[in-house]
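Here are the chains, one letter per residue:
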Amino acid sequence: MNTSSGFYQPSSQFNFPQGSMSFQSGGNNSGDSNAMGVAPDPLPAGLFNALSTKGYPHEPPLLEEIGINFDHIFKKTMYVLRPTMSSAMLSHEILNDSDLAGPVIFFMLFGLFLLMAGKVHFGYIYGVALFGTISLHTLSKQMATSSSQQQQPSSLHFFNTASILGYCFLPLCFLSFIGVFHSLDNRIGHLTGALFVIWSTWSSSGFLNNLLQLQNARTLIAYPLLIFYSVFALMAIFV
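Predicted model, so just to flag it, every value in this text is computed and none were measured.

A. Inspection of the overall build of the protein chain at higher detail. Helices and strands together make up the secondary structure of the protein chain, namely eleven helices and zero strands. When its helices and strands are written in sequence order, the protein chain yields α-α-α-α-α-α-α-α-α-α-α. A burial count over the protein chain gives 35% of its 239 residues as buried. Across the protein chain, contacts joining residues at least 24 apart in sequence account for 74% of those joining residues at least 6 apart. Total accessible area on the protein chain is roughly 15,700 Å²; 64% of this is exposed by carbon and sulfur atoms.

Pasting the structure below:
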């Protein structure tokens with residue numbers, strides 16, 4: 001301490017260890033960079049780069065961020081198109097996927113084919129789909145709760161039920177497409193409609209039975225699903 005000039009001057013003899021005042025690095029590198037004030041590498045400038053899909057390093061793709069997985073969409077669609085395929089072949093991640101991209105497309109195709117056949121039922125389609133999904137979701141959760149004493153069921157969310165019902169709606173799109181070229185209001189049309197309803201019911205009951213881990217309850221859960229899909233088949237068959 002130097003007091004000759006009348007005021008305090010800190011001495012340079014006190015040297016702290018170099019590592020005592022430094023922060024330990026580790027964990028998330030981006031967080032350390034932001035904490036140290038280091039900005040990520042800027043994106044390249046230019047018109048073509050602005051229109052491209054290139055992003056920052058280690059940034060997930062846009063479709064992954066909004067929840068669209070084409071691999072899951074393809075596997076779910078193939079399961080519906082192959083009724084003999086066992087739902088046990090689908091992974092737990094695919095079963096719990098709440099993707100609604102495929103169902104929205106299928107419902108729009110169903111309404112479009114009905115419109116081409118001279119039937120404007122868009123309001124009925126969305127109304128029945130919403131009311132039926134809410135009812136079937138509530139019923140499925142009640143069935144899962146009643147079986148929880150024997151085993152631990154999988155958690156079921158509303159969008160999981162909507163995704164399953166929407167993907168299994170695909171056979172009814174084929175029915176409405178046939179109705180564009182041929183009238184379904186006859187014996188052959190009624191049998192064809194019943195076949196496609198059973199197809200959708202079989203696929204959706206397999207989905208829900210495997211997701212909820214129910215034992216010997218596929219027939220029980222298939223009954224309300226049969227009624228649900230029959231309403232849409234009636235839209236396609238009758239004027």
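B. Looking closely at helix α11 (residues 218–237). End to end, α11 covers 27 Å across 20 residues, agreeing with the expected 28 Å (1.5 Å per residue, within 8%). Helix geometry: α11 is bent most strongly at P224, by close to 25°. For α11, the complete set of buried residues consists of I221, A222, P224, L225, F228, Y229, F232, A233, M235, A236 and I237.

C. View of the packing of aromatic side chains. Here the structure, examined in full by the defined rule, presents 14 aromatic pairs. For the ring pair F158 and F159, a centre distance of 5.6 Å and an interplane angle of 75° mean the geometry is edge-to-face. Here F169 and F232 contribute two aromatic rings whose centre-to-centre distance is 4.9 Å and whose plane-to-plane angle is 85°, an arrangement assigned as edge-to-face. Of this pair, F169 sits in the loop between α8 (158–167) and α9 (170–181) while F232 sits in helix α11, and the two are 63 residues apart along the sequence. Residue classification places F232 among the buried residues on the basis of a relative accessible area of 0%.

D. Here's a closer look at the nonpolar core. F110, F169, L172, Y229 and F232 are the most contacted members of the largest nonpolar core, which totals 42 residues. When residues of this core are traced back to their parent elements, those giving at least two are α4 (70–81), α6 (101–116), α7 (122–146), α8, α9, α10 (187–212) and α11. With nine residues, α11 is the single largest residue contributor to this core. Sequence-distant contacts of F110, defined by excluding residues within four places in its chain, comprise I125, F169, L172, C173, S176, F232 and A236.

E. Local environment of α10. For α10, with 26 residues, the first-to-last C-alpha span of 37 Å sits near the 38 Å given by 1.5 Å per residue. You can read the cap of α10 off the contacts: a side-chain oxygen lies 3.2 Å from the backbone nitrogen of I188, and it is on N186. Q213, located one to two residues past α10, shows a positive phi value of around 55°.

What counts as what
- Residues numbered from 1 in each chain as written.
- Predicted model: local features only at pLDDT ≥ 70, side-chain atom pairs only at ≥ 80, totals over all residues.
- Heavy atoms only, no water.
- Helix = DSSP H or I, 4+ residues; strand = E, 2+ residues; numbered from the N terminus.
- Buried < 20%, exposed > 50% of the residue type's maximum accessible area, 1.4 Å probe, protein only.
- Contact = heavy atoms within 4.5 Å.
- Areas by Shrake-Rupley, 256 points an atom, 1.4 Å probe, with all protein chains shown as cover.
- Expected span 1.5 Å × (residues − 1).
- Bend = angle between axes of the 7 residues up to and from the residue.
- Phe/Tyr/Trp six-rings, centres within 6.5 Å; stacked < 30°, edge-to-face > 60°.
- Core = buried A, V, L, I, M, F, W, Y, C linked by side-chain atoms within 4.5 Å.
- Polar contact = N/O pair within 3.5 Å; in protein donor to acceptor, adjacent residues only side chain to side chain.

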